[in-house]
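Analysis of the macromolecular model
The residues making up each chain are set out below.
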Amino acid sequence: MFTLIQLPYASLAPVISDQTLSFHHGKHLQTYVDNLNKLIAGTEFEGKTLEEIIRKSTGGIFNNAGQILNHELYFLQFAPKPAPAGGRLLAQIVKQWGSPEAFRAEFEAKGAGVFGSGWVWLAAGEAGELCILQCPGADNPVAHGLKPILTFDVWEHAYYLDYQNRRGAYLKELWKIVDWKVVEERYAK
Ligand code: MN
């Protein structure tokens, strides 16, 4: 049985309003959890991890498992008072993009460019090389053999109450709450 993750903070306002956080975590993510539990009951996927399910499933099971993993990575990477970027991850970003600003600009542009609902990801390959992925729907780096490091949700439910159609403004604001300590730990794992 999958359960809804607890959030390690009470609020991320004003970047993400309390109303958006409440609906996004308490309603949208809860629905994916409930759906997946129903879909996998009595199947080969019962008792498997989200990553295992994502690698082997298709259709509704893939979509709901993917959305749970994606949202867990999204919500758990934020903090009201986040740690700044540093360490090996920052060094790799500078090596590949030239500067953190250049990386953020490409990440925002790729997030803005996802057509319809989806996700933009920073992911790592076997040798630690980084890439920015645009993923539709529930898709994610795990399904492509890559390690997920950082993600911005670009489904409208993630930003519409606060930013309406201004996805680019939402993406730009999110940097203010990215906790790079969490993101670096994912890269180091
Ligand atoms: Mn979402």
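Residues numbered from 1 in each chain as written. Predicted model: local features only at pLDDT ≥ 70, side-chain atom pairs only at ≥ 80, totals over all residues. Heavy atoms only, no water.

1. Considerations on the overall build of the protein chain
Secondary structure summary: the protein chain contains eight helices and three strands in total. What you see in the protein chain, going N to C, is helices and strands ordered as α-α-α-α-α-β-β-β-α-α-α. Relative to the 2.2 N^0.38 estimate, which gives 16 Å for 189 residues, the radius of gyration of the protein chain is 16 Å and therefore close to what a compact globule would have. For the protein chain, the spread of C-alpha atoms along the principal axes amounts to about 50 × 40 × 30 Å. Every one of the 189 residues in the protein chain was classed for burial, and the buried ones make up 48%. Long-range pairs, those at least 24 residues apart, make up 69% of the contacts in the protein chain with a sequence separation of at least 6. Looking at the protein chain as shown, the accessible area adds up to about 9,100 Å², and 55% of this sits on carbon and sulfur atoms. Each charge sign in the protein chain was given a centre, from 18 positive and 20 negative side chains, and these centres are 3 Å apart. (Helix = DSSP H or I, 4+ residues; strand = E, 2+ residues; numbered from the N terminus. Rg over C-alpha atoms; globule rule 2.2 N^0.38 Å. Buried < 20%, exposed > 50% of the residue type's maximum accessible area, 1.4 Å probe, protein only. Contact = heavy atoms within 4.5 Å. Areas by Shrake-Rupley, 256 points an atom, 1.4 Å probe, with all protein chains shown as cover. Lys, Arg positive; Asp, Glu negative; His and termini not counted. Charge placed at Lys NZ, Arg CZ, Asp CG, Glu CD.)

2. Focus on helix H3 (residues 59–76)
Here H3 contains 18 residues, and its C-alpha end-to-end distance of 26 Å stays within 8% of the 26 Å for a straight helix at 1.5 Å per residue. In terms of residue burial, H3 counts as a mostly covered element, since 14 of its 18 residues are buried. (Expected span 1.5 Å × (residues − 1).)

3. A closer look at the pattern of salt bridges
Counted according to the given criterion, the structure contains five salt bridges. Notably, a salt bridge pairs Glu-173 with Lys-176, separated by 2.7 Å at the nearest N-O pair. Across the pair Lys-181 and Glu-185 runs a salt bridge whose closest N-O atoms are separated by 3.3 Å. One end of the pair is Lys-181 and the other is Glu-185, both in helix H8 (residues 180–188) and four residues apart, which spans about a single turn. Owing to a relative accessible area of 44%, Glu-185 belongs among the partly exposed residues under this scheme. (Salt bridge = Lys/Arg side-chain N within 4 Å of Asp/Glu carboxyl O.)

4. Some words on the environment of Asn-37
One can find Asn-37 in helix H1 (residues 18–40). When the C-alpha positions of Asn-37 and Ser-117 are compared, they lie 23 Å apart, and in sequence the two are 80 residues distant. Each residue touching Asn-37, except ones within four places of it in the same chain, is listed here: Met-1 and Phe-2.

5. So, the state of the cysteines
Applying the stated criterion across every chain yields a total of zero disulfides. Cys-135 supplies the cysteine sulfur nearest to Cys-131, a cysteine that is in no disulfide, at a spacing of 9.2 Å. Under the relative-accessibility criterion, Cys-131 is labelled partly exposed at 23%. (Disulfide = S-S within 2.5 Å.)

6. Some words on the nonpolar core
Residues Phe-78, Phe-103, Leu-122, Leu-150 and Phe-152 are the most contacted members of the largest nonpolar core, which totals 57 residues. Among the elements that take part in this core, H3 stands out by supplying eight residues, more than any other. Apart from residues no more than four positions distant in its own chain, Leu-150 is found in contact with Gln-77, Phe-103, Phe-107, Val-120, Trp-121, Leu-122, Trp-175, Val-178, Trp-180, Val-183 and Arg-186. (Core = buried A, V, L, I, M, F, W, Y, C linked by side-chain atoms within 4.5 Å.)

7. Quick word on the coordination of the manganese ion
Donor atoms from the polypeptide that bind the manganese ion are His-24 (NE2), His-71 (NE2), Asp-153 (OD) and His-157 (NE2), placed at 2.0 to 2.2 Å. Each donor residue of the manganese ion belongs to the same chain, and together they define the spacing H-x46-H-x81-D-x3-H. Of this pair, His-24 sits in helix H1 while His-157 sits in the loop between strand E3 (147–153) and helix H6 (160–163), and the two are 133 residues apart along the sequence. (Donors = N, O, S within 2.8 Å, 3.2 Å for Na, K, Ca; no water.)

8. What about the side chain of Thr-20?
Mapping Thr-20 onto the fold places it in helix H1. Other than its neighbours up to four places away in sequence, Thr-20 contacts His-157, Ala-158, Leu-161 and Asp-162.

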